[in-house]
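Observations on chain architecture
So you can see what is in the structure, the chains are spelled out below.
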Amino acid sequence: MGTLYQEHLDPSIHDLKVTLQDSTLVFPSQETEKKSIFLSNIDQVLNFNVQTIHFFPANPDFAPEVVASRLKTALEKVLVSYDLMAGRLKMNPQSGRLEVECNAAGVGFVVASTQFSLDEIGDLVYPNPAFRELIVQSMDNLEADNQPLCIFQVTSFKCGGFAMGMSTNHVLFDGISVKIFLENLASQAFDDKPLVVIPIHDRHLLAARSPPLVTFPHPELLKLELPIGEDSIPPVFDCKQEDLDFKIFKLNSDNISYLKEKAKMNGPNENTKITSFNVVTALIWRCKALSSCNNSQRLSTVLYAVDIRSRLKPPLPFPYCGNAVLSAYASSICPKLEDEPFSKIVDMVSEGAARMTDEYARSAIDWGEIYKGFPNGEFLISSWWKLGFSEVEYPWGKPRYSCPVVYHRKDIILLFPDINNGSNNNNGNGVNVLVALPAKEMEKFQSLFHNFLASN
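No experiment lies behind these values; they were computed from the predicted model shown.

**Points about the packing of aromatic side chains**
Inspection of the entire model under this criterion finds 20 aromatic pairs. The interplanar angle of 50° and the centroid separation of 4.9 Å between the aromatic rings of Phe249 and Phe449 together place this pair among those described as tilted. Here Phe449 lies in helix 9 (residues 439-454) and Phe249 lies in strand 11 (residues 245-251), a separation of 200 residues in the sequence. Owing to a relative accessible area of 0%, Phe449 belongs among the buried residues under this scheme.

Set out below in structure tokens:
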């Protein structure tokens, strides 16, 4: 059965005692064109920063100071093709839309150190709030309207290992675009490698139609009576401060195989895709919905991102750089989630993704042109499971682990991969489910989770 991921952190290490040694701006190594980049309706609602940390073990051929120098040079080179990263976000007064002004104003680059070794900071899978020290949130010497859209921080550990922290405004990238960027960055850290792929920054490929045409009801979207791009709009989910318990539920490859077999029972729909993501999402949805106190006839809606690149006609080009994901949804009243066979819940999750056709995606983009709004559901499953950040090969090797900086939220459940420990077993096929809930709901969620996996 699935297990709880135990905290291995030394409880005294709540402060990594990070010392900032240098803070500067990095500019493209060649002159770049001054221009403004249009942002799609998907990009417009993602004006907030996402921080990721990439942990690397010590490499005797690459001391942390050598790595920092190599990364800085690689960044200068890669910014020629990613000129929007060195730009600044601005509001176009004529259109009322956010744009990226490509003005080569620079990317933040910080070098830091900590007195701890990589092993001393504990299990990297378990999100330590102190990991936030591994990436600065802003450049203190710059005004608010001149803050970089991207900041890097290289923090060395006393063992010779280091962390590469990366803070990016979400308008720049979705997860797939970040993976491509990291591969390009890594390529430029070598002496003689070309870019892995030339990025395409034309966000007009996801522009609304003229005139916009909404052909579906889109219950997964919430209308807001505010102009698009306005700072007062909360990003995606409005964060409410609550006292939350936090736990990680670990599913190994055997657990996931069991869920897939369970999904095949009781006659699933012939079009249902019984994938790892779909069965894990179905299990989480059932446990989250039924952990609430009032479930009589309550409607529960789960949201999850679907990559639309291959679903559009014509498909987006592979090197598309931007946000090309939309929120799929599945809805059901809670009694059905409790009583229906698991296969039916998986059916609903699979149908939610299948709903995302070219016309549905275009309708959702057009919806954002007319109404302005955000994804609307009980909770969102945000998956970092298959993004493959830890598969990127740098001159000093692959990361031991890559993960976002976690802020505990009741309305967002995160899926993380297992740590790369260098073994050849199947642990890499497992997933860690990060859940934050009020204490009573967490107790119910945990019971439902474990009981379901223990059932025959």
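**A word on the sheet that holds strand 8 (residues 150-156)**
Overall, mixed pairing links the six strands, which are arranged 2-7-8-9-4-16 in an open sheet. Here the strands that pair on one side only, and so sit at the sheet edges, are strand 2 (19-26) and strand 16 (401-404). Each strand of the sheet is rotated relative to its neighbour by a mean of 15°, with strand direction disregarded. Judged from the seven bridges that link them, strand 2 and strand 7 (residues 107-113) form a sheet pairing that is antiparallel. Bridging across to strand 7, Val26 finds its partner in Val107. Helix-sheet contacts for helix 2 (residues 64-78) involve strand 2, strand 7, strand 8 and strand 9 (162-169), and the interaxial angle to strand 7 is about 175°. Each of strand 4 (49-56), strand 8 and strand 9 is contacted by helix 3 (residues 175-189), which is oriented at about 130° to strand 9, the strand it contacts most.

**A few points about the nonpolar core**
In terms of nonpolar packing, the biggest core is built from 78 residues, with Phe55, Leu75, Met85, Phe152 and Phe181 touching the most fellow members. When residues of this core are assigned to their parent elements, the largest contribution, seven residues, is made by helix 3. Once residues lying within four places of it in the same chain are set aside, the contact partners of Met85 are Leu79, Gly106, Val107, Leu149, Cys150, Leu172, Phe173 and Phe181. By size, the runner-up hydrophobic cluster in this structure holds 63 residues, among which are Leu206, Val280, Leu448 and Leu453.

**Concerning the packing of helix 4 (residues 253-264) against helix 5 (residues 276-290)**
Relative orientation of the contacting elements helix 4 and helix 5 amounts to 85°, with a least axis distance of 9 Å. Regarding the angle of helix 4 to helix 5, the classification is roughly perpendicular. Along the contact surface, helix 4 presents Ile256, Leu259, Lys260 and Ala263, while helix 5 presents Ser276, Val279, Val280 and Leu283. A breakdown of the residues in the contact of helix 4 with helix 5 according to their chemical character gives six nonpolar, one polar and one charged.

**Overview of the confidence of the model for the protein chain**
In the predicted model, the protein chain carries a mean pLDDT of 91, and the fraction of residues at 70 or more is 91%. Low confidence marks residues 7-12, where pLDDT is under 50. Its contacts with residues over four positions away, or in another chain, come to eight contacts. Long-range and interchain partners of residues 229-239, a stretch whose pLDDT sits below 50, account for 29 contacts in this model, where long-range means more than four residues apart.

**Points about the state of the cysteines**
Following the criterion strictly, the structure yields zero disulfides and no others. Sulfur of Cys321: no disulfide; nearest cysteine sulfur belongs to Cys102 and is 11 Å away. Residue classification places Cys321 among the buried positions, given a relative accessible area of 2%. For the unlinked cysteine Cys403, the closest cysteine sulfur is that of Cys159, found at 16 Å. Look at Cys403 and you get buried, because its relative accessible area is 6%.

About the cut-offs
Residues numbered from 1 in each chain as written. Predicted model: local features only at pLDDT ≥ 70, side-chain atom pairs only at ≥ 80, totals over all residues. Heavy atoms only, no water. Phe/Tyr/Trp six-rings, centres within 6.5 Å; stacked < 30°, edge-to-face > 60°. Helix = DSSP H or I, 4+ residues; strand = E, 2+ residues; numbered from the N terminus. Buried < 20%, exposed > 50% of the residue type's maximum accessible area, 1.4 Å probe, protein only. Pairing = 2+ DSSP bridges. Axes fitted to C-alpha atoms, helices over the stretch in contact; angles between N-to-C directions. Contact = heavy atoms within 4.5 Å. Core = buried A, V, L, I, M, F, W, Y, C linked by side-chain atoms within 4.5 Å. Parallel < 35°, antiparallel > 145°, perpendicular 65-115°, else oblique. Nonpolar A, V, L, I, M, F, W, Y, C, P; charged D, E, K, R; others polar. pLDDT = per-residue confidence, 0-100. Disulfide = S-S within 2.5 Å.

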